[in-house]
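Survey of secondary and tertiary structure
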Amino acid sequence: MASAKNISAGLLMYRRHEGEWQYFLVHPGGPYFEKKDEGWWMIPKGLPETEEELLNTAIREFEEETGIKPAPPYLPLGSIKQKGGKWVHAWAFEGEWKEATGFSCNTFRVEWPYKSGRWQEYPEVDKAGWFSYKEACKKINPAQIPLLDRLLENLD
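On a predicted model such as this, the values are computed, not experimentally measured, just so you know. (Residues numbered from 1 in each chain as written. Predicted model: local features only at pLDDT ≥ 70, side-chain atom pairs only at ≥ 80, totals over all residues. Heavy atoms only, no water.)

A closer look at the packing of aromatic side chains
Within this structure, the stated rule accounts for 11 aromatic pairs. Seen in terms of ring centroids, Phe 33 and Trp 40 are 5.5 Å apart; in terms of plane orientation they differ by 55 degrees. Their pairing is tilted. You can call Phe 33 partly exposed: its relative accessible area is 23%. Of the residues examined, Trp 40 reaches a relative accessible area of 37% and is grouped as partly exposed. The interplanar angle of 80 degrees and the centroid separation of 5.1 Å between the aromatic rings of Trp 41 and Phe 131 together place this pair among those described as edge-to-face. Of the two residues, Trp 41 sits in the loop between strand S2 (20–28) and strand S3 (45–46) while Phe 131 sits in strand S8 (residues 125–132), which places them 90 residues apart along the sequence. Phe 131 gets classed as buried once you look at its relative accessible area, which sits at 9%. Following the ring pairs from residue to residue traces out a cluster consisting of Phe 24, Phe 62, Tyr 74, Phe 93, Trp 97 and Trp 130. (Phe/Tyr/Trp six-rings, centres within 6.5 Å; stacked < 30°, edge-to-face > 60°. Buried < 20%, exposed > 50% of the residue type's maximum accessible area, 1.4 Å probe, protein only. Helix = DSSP H or I, 4+ residues; strand = E, 2+ residues; numbered from the N terminus.)

Here you go:
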């Protein structure tokens, strides 16, 4: 079994919009990701707390990273292994979010610029959006594409 730091859990929110399935993805905040776009978006996810059930982790992390309260039913999408070795366990749920509403998320502190002695606070997520399957495949971390595919198989 992978160690806790190599496991995360997340939710993939989806909706039907103008006859097409759309996926809700987020972009990581902070200086490292500021100029990175395609291949860097992801499902909202995070690390489990001690002995926390992974679905509960996914629900908590989704809400912490977006301010959106997810609602069941949750469709299991299985897990994928990312390039760095992290296992991501995921579920999907149908939901709604309007861009005009915005989102809210936790922040984190990091020394920036590196070794400058200056600590700055950044949002965990700096952008969120709805994407068609084709757009989502361009935006999302490539290792997470199978999660989009598994959801699409269940929807169609």
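Further notes follow.
Structural notes on the side chain of Ser 8
By secondary structure assignment, the location of Ser 8 is in strand S1 (residues 7–17). Under the relative-accessibility criterion, Ser 8 is labelled buried at 1%. Those residues in contact with Ser 8 that sit more than four places away from it in its chain are Lys 45, Gly 46, Leu 47, Pro 48, Lys 86, Trp 87, Val 88 and His 89. (Contact = heavy atoms within 4.5 Å.)

As for the pairing of strand S4 (residues 75–81)
Of the pairings in the sheet, the one linking S4 to strand S5 (residues 87–94) comprises 6 bridges and is antiparallel in character. From the neighbouring strand, Leu 75 faces S5, where its bridge partner is Ala 92. Linking S4 back to S5 in an antiparallel pair, the connection comprises 5 residues, with Gly 85 at a positive phi of about 100 degrees. (Pairing = 2+ DSSP bridges.)

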